[in-house]
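So you can see what is in the structure, the chains are spelled out below.
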Amino acid sequence: MSILQTLKNKIPTIRTTRNTQYNEYLRKRTTTTHEYTQTQLRYEAFNNNVVRRCCEVYKNTALSCGFMIDSDTEENDNNITQRYITRIFENPEGIDGDTTFASINSLIWDSLLVLGDVFFEIATDNKYDVFSGFKYIHNNKIKWSNENDCYQLIDQPDVLFGEEDLIHIRRPDPEFKEQHHGVSLVDSCADYIALMNNALRYNNNILTNNGLSPDTILSYDSDVSEANFNAEVQRLQLMKEEADKTGGMLVTRGATFQTASNTNKDMNYLELMKYCRDNIIQNFGVPPQIFGIIESANLGSGSGDSQKKDWKMTFEGEAKFVEDGFNHTLKKQGFSERFHYGLIDADDELYNANINQIYLQSGIKTVDEIRNSMGLDRLTPSQWEGYFR
């Protein structure tokens, strides 16, 4: 029996997350410096436009699908609790915030895909002790404490979160040492992201004339004098810090340095960028057409319908982690209702129409059976008359 049924449908009319521990921390927080951790490395991946676009595809798909709150069994249907939980997801922080489903959806997919974990602190109503909302906790503010056997705030270790205090959405890590944190998709393509960023930075330095120009020739007609050479070395030593940023400098004495004419095309810069891009989107499972790649012979260049069906399977699989995270909390709170995303429509209507025509002509299915599979009502007697006319 639902906890709300036990309370005779006495549910909070004004919801608040004001009393959550994380809100209390935000009110008191001061600027601090943390150790450079793997979490910060993952945050840097957001600066990569390919990673950012992959996240946008997931977020946009989730928004277009929308969400629904249904009971797990028909006899437990309760319109009051369904509307109540729907309002929680539409405005998770209640009167204390302006968060909407669109904003938490963005946080969910960015955190799950790139950071590996999504943390929400659960808020309960003081009067009825009923689940009343949830507050997003930033990944770089929370960690697992082996000493306390629970999660804690990094800045304030005395602020602890038990399992009953959190909604934790993650993709489980098979490694034993990481049982309390999820797997980030960025970790498995970090080298490609770094290679892409380094190539972009290197070529940008060339274009802004801060790096070694590939078509520059350095030549001396005669040996450099001792005084001039030492003066040049001293000058470069003073500029060492800047030189390190741009890949170093070259000093020759009594020698000629010459390079061939290397253009960006000769260095296969564009091919390198495409190679890195394709490996990143493959890692995220985003089909090229949906990502926005338009050139021919690209990675996974199947038909549009084929890519849509592949994407439907990928997204719905990833969405299960989100749905299970919320539904685990709803179940613990005594609700029989469940959260789930809507379905992606990836069907080929012309293909389905041809199949249904074959079924009808061969007698495998009747007209009403086909209409029922399409969600349509049975034909009325007057419609049947027009059908055979």
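The structure this text deals with has already been given above.
Here the structure is a predicted model, which means the values were calculated and not measured.

Chemist: How do you make sense of the overall build of the chain when you look at a structure like this?
Modeler: For the chain, the count of helices and strands is 15 helices and eight strands. Sorting the 389 residues of the chain into buried and exposed places 38% on the buried side. The contacts in the chain between residues at least 6 apart in sequence include a share of 68% that link residues at least 24 apart.

Chemist: Quick question: what am I supposed to make of the packing of helix H4 (residues 49-65) against helix H6 (residues 101-115) here?
Modeler: The relative placement of two packed helices comes down to the angle between their axes together with the axis-to-axis distance. Across the interface, H4 lies against H6 with an axial gap of 9 Å and an inter-helix angle of 135 degrees. The angle between the axes of H4 and H6 places the two elements in the oblique class. Handedness of the H4/H6 crossing: right-handed. On H6, the residues touching Val-51, Arg-52, Cys-55, Tyr-58, Lys-59, Ala-62 and Leu-63 of H4 are Phe-101, Ala-102, Asn-105, Ser-106, Trp-109, Asp-110, Leu-113 and Val-114.

Chemist: Honestly, unusual backbone geometry in this entry has me stumped. Any pointers?
Modeler: Peptide bonds are trans in most cases, and residues, glycine excluded, mostly fall at negative phi. Non-glycine residue Asp-129 carries a positive phi angle of around 55 degrees. Here Asp-129 shows up in the loop between strand S2 (117-124) and strand S3 (131-137). A relative accessible area of 52% places Asp-129 in the exposed class. The backbone of Asp-149 shows a phi angle near 55 degrees, a positive value even though the residue is not glycine. Its location among the elements puts Asp-149 in the loop between strand S4 (142-145) and strand S5 (150-153). Under the relative-accessibility criterion, Asp-149 is labelled exposed at 57%.

Chemist: Explain the packing of aromatic side chains to me, please; I cannot follow it from the model alone.
Modeler: Pairs of aromatic rings are described using the distance from one ring centre to the other and the angle between the two planes. Throughout the structure, instances matching the rule amount to 25 aromatic pairs. Ring geometry for Phe-89 versus Phe-339: centroids 4.7 Å apart, planes at 15 degrees, classification stacked. Of this pair, Phe-89 sits in helix H5 (residues 79-90) while Phe-339 sits in strand S8 (residues 337-341), and the two are 250 residues apart along the sequence. We classify Phe-339 as buried; its relative accessible area is 1%. For the cation-ring pair, Arg-171 lies above Phe-321, with the distance from its terminal atom to the ring centre recorded as 5.6 Å.

Chemist: I would appreciate a short explanation of the sheet that holds S2 in the present structure.
Modeler: Spatially, S3-S2-S7 is the arrangement adopted by the three strands of the open sheet, whose pairing is antiparallel. This sheet does not close on itself; its edge strands, each paired only once, are S3 and strand S7 (166-170). Averaged over all pairs of adjacent strands, the angle between strand axes in this sheet comes to 25 degrees, irrespective of strand direction. Sheet topology note: the S2/S7 ladder contains five bridges and is antiparallel. When the bridges of S7 are listed, Val-118 appears paired with Ile-169. Docked against the sheet, H6 engages S2, S3 and S7, running at close to 140 degrees with respect to S2.

Reading guide: rules and limits
- Residues numbered from 1 in each chain as written.
- Predicted model: local features only at pLDDT ≥ 70, side-chain atom pairs only at ≥ 80, totals over all residues.
- Heavy atoms only, no water.
- Helix = DSSP H or I, 4+ residues; strand = E, 2+ residues; numbered from the N terminus.
- Buried < 20%, exposed > 50% of the residue type's maximum accessible area, 1.4 Å probe, protein only.
- Contact = heavy atoms within 4.5 Å.
- Axes fitted to C-alpha atoms, helices over the stretch in contact; angles between N-to-C directions.
- Parallel < 35°, antiparallel > 145°, perpendicular 65-115°, else oblique.
- Left-handed = near helix turned anticlockwise from the far one by under 90°.
- Phe/Tyr/Trp six-rings, centres within 6.5 Å; stacked < 30°, edge-to-face > 60°.
- Lys NZ or Arg CZ within 6 Å of the ring centre and 35° of its normal.
- Pairing = 2+ DSSP bridges.

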